[in-house]
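# Structural features, examined
Chain by chain, the residues:
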Amino acid sequence: MELFLACRNARDRFIVLLLGRAGLRPGGAAGLRREDMHFMPDSTPLGCPKQGSHLHTLRRDNANGAWAKRQPTAAPGRWKPVDHLVVLAYDQYVMERMALPHGPDSDFVLVNLFAEPLGAPMTADSITELFGRLSRRAGLSRNVTPRMLRRAAGSNLADAGGGQDEIAALLDHSRLSSSEPYLTPAPDRLRDAVNAVPSPRELTDGAR
């Protein structure tokens, strides 16, 4: 939350939500093109059968060096569902971007709006540097890195009841075991699980 509040423009707020809620790596985020953003209930007019708001991460030879991670056996592109907060942040960013003279020039989603070279696509390193600036601006005791937000996204999915296979798919893990660290439940979930176990009296009464 502190990182989000430290943002001074819509683009940076969108980046924080994109990594924190969709679990993207910096390389995947920097490589996004506008055509990858299917933020509508029905994307069939775009030739995409996926329903609901989502984005696609494709492995391309990008001018900014961004490289979406993909396993050799995976499909050419992956898709990720996104929630309404990411969609709203993207809409606000698009309005901010299109109001600037250099905003519409690039097909990349994330571009330099306030620093040279204006209008050029952001790199994975520049996204990491942004998180360092936001951490300092927020007065945090240590830098929040994109990797930390990605791990938080996985933990939040687990706490919300997501299964290991769902977490692995959403975070693009090559092995199912990579999702195991996210499955440690929050203390509240442990207490809820204990409280949900019926007492012997309840079991006995139910059997009568």
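In what follows, the accompanying structure is described. (Residues numbered from 1 in each chain as written. Predicted model: local features only at pLDDT ≥ 70, side-chain atom pairs only at ≥ 80, totals over all residues. Heavy atoms only, no water.)

## Quick word on the overall build of the protein
Each helix and strand counted, the protein has nine helices and three strands in total. Going from N to C terminus, the protein has its helices and strands arranged as α-α-α-β-β-β-α-α-α-α-α-α. Taking as baseline every contact in the protein between residues at least 6 positions apart, the subset at least 24 positions apart corresponds to 56%. (Helix = DSSP H or I, 4+ residues; strand = E, 2+ residues; numbered from the N terminus. Contact = heavy atoms within 4.5 Å.)

## With respect to the side chain of H102
Checked against the element boundaries, H102 lands in the loop between α4 (84-98) and α5 (124-137). Residue H102 is classed as buried on the basis of its relative accessible area, which comes to 14%. Separated by 2.9 Å, the side chain of H102 and the backbone oxygen of L113 make a polar contact. Look past the residues within four positions of H102 in its chain and what remains in contact with it is N112, L113, L118 and G119. (Buried < 20%, exposed > 50% of the residue type's maximum accessible area, 1.4 Å probe, protein only. Polar contact = N/O pair within 3.5 Å; in protein donor to acceptor, adjacent residues only side chain to side chain.)

## Points about the pattern of salt bridges
Enumeration according to the criterion identifies five salt bridges in this entry. D83 is paired through a salt bridge with R21; the nearest N and O atoms lie 2.5 Å apart. A residue pair is termed long-range when its members are at least 10 positions apart, and D83 in the loop between β3 (77-81) and α4 and R21 in helix α2 (residues 10-22) qualify at 62 residues. The class of D83 is partly exposed, set by a relative accessible area of 24%. Where R60 meets E35, a salt bridge forms, and the shortest distance between an N and an O atom there is 3.5 Å. With R60 in the loop between β2 (54-58) and β3 and E35 in the loop between α3 (26-30) and β1 (37-38), the pair connects residues that are 25 residues apart, well separated along the chain. A relative accessible area of 16% means that R60 is categorised as buried. Classification of E35 as exposed rests on a relative accessible area of 52%. Linked by salt bridges that have partners in common, E35, D36 and R60 make up one network. (Salt bridge = Lys/Arg side-chain N within 4 Å of Asp/Glu carboxyl O.)

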